[in-house]
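Below are the chains, spelled out letter by letter.
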Amino acid sequence: MAIKEANEITVKVLCSNEELIEQLIKNGFKEKTRFSMDDSYFIPDNLELNILSAREILSKAIIIRYIEEKGINKQMITFKKKEFNENGDILSQQAFNCIIKDNEEAKILFSQIGYKEIMNIKEQDIVYYKDSIELAVKYMKGYPTLIEFETDEHFQTVEDLIYTMDSFNLDIEKGNYFVKKAEMVLNQILKESVVL
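Here is a short report on the structure shown in this document. Model, not experiment: these values are computed from the prediction.

## Things to note about helix 3 (residues 103-112)
For helix 3, the full list of buried residues reads N103, A106, K107 and F110. On an axial view of helix 3, the arc spanned by its buried residues comes to 100°, and they lie on one face. In helix 3, those exposed residues whose orientation departs by more than 90 degrees from the buried face are E105, I108 and Q112. Against strand 3 (30-44), strand 4 (62-69), strand 5 (72-84), strand 6 (90-100) and strand 7 (115-130) lie the buried residues of helix 3. If you check the start of helix 3, you find a side-chain oxygen 2.9 Å away from the backbone N of E104, and it comes from D102. Positive backbone phi, approximately 95°, marks G114, located one or two places after helix 3.

Written out as structure tokens, the structure reads:
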């Protein structure tokens, strides 16, 4: 099992995708790679969804993930553990990843041991780089485009990430550096559906 410990900021893009690409190029970024992710979120059957927030629900979720990059696919089960402050900023997070051979079999197994699929998120990502900086631009149908920037050996704190992101001339929503993709999607689902 692989454990990934990195923090990140995620910001909402306020311009069109075409304008964003132009802005990234003007800031010296080049495309590094493209990949797609198909995430199925499973939660325990017995969760009382009507009394829990999206964040509380997601804290119990298992993600069955399918990633495809350059014709090669990776399938895994992921559990994310996040610590938040009172403002909802992510203080720390860990992702526990277990590589598997067949996502469909994993879905059947989880449904047999008392889990149900609550949502599916499909996204297309393009990673742009400049020097030691890598930004992942995330496209999801029906939702705003997002940019994710993770801590690494060059950017060790969230403050480093925010300072660096703000130094670029990008049309992003400044001040909200912790857009939570899964919470955004689940809140929409919960709002539209009385019972999942």
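From this point, things continue past the structure.
## Considering the side chain of E183
Structurally, the position occupied by E183 is in helix 5 (residues 181-192). Leave out the neighbours within four places in its chain, and E183 touches A54, R55, L58 and F84.

## Observations regarding the environment of I100
Within the element layout of this structure, I100 appears in strand 6. Remark: the alpha-carbon pair of I100 and M76, spanning 24 residues in sequence, is separated by 5.0 Å.

## Some details on the sheet that holds strand 3
Spatially, the 9 strands line up as an open sheet ordered 1-6-5-4-3-7-8-9-2, and their pairing is antiparallel. The strands lining the two open edges of the sheet, one partner per strand, are strand 1 (2-5) and strand 2 (8-12). Geometrically, the sheet is characterised by an average inter-axis angle of 30° between neighbouring strands, direction not taken into account. Relative to strand 9 (residues 146-150), strand 2 runs antiparallel, the two sharing 5 bridges. By the bridge assignment for strand 9, I9 is matched with F149. Sitting on the sheet, helix 3 is in contact with strand 3, strand 4, strand 5, strand 6 and strand 7, with an inclination near 175° to strand 4.

Parameters and conventions
- Residues numbered from 1 in each chain as written.
- Predicted model: local features only at pLDDT ≥ 70, side-chain atom pairs only at ≥ 80, totals over all residues.
- Heavy atoms only, no water.
- Buried < 20%, exposed > 50% of the residue type's maximum accessible area, 1.4 Å probe, protein only.
- Helix = DSSP H or I, 4+ residues; strand = E, 2+ residues; numbered from the N terminus.
- Arc of directions from axis to C-beta.
- Contact = heavy atoms within 4.5 Å.
- Polar contact = N/O pair within 3.5 Å; in protein donor to acceptor, adjacent residues only side chain to side chain.
- Pairing = 2+ DSSP bridges.
- Axes fitted to C-alpha atoms, helices over the stretch in contact; angles between N-to-C directions.

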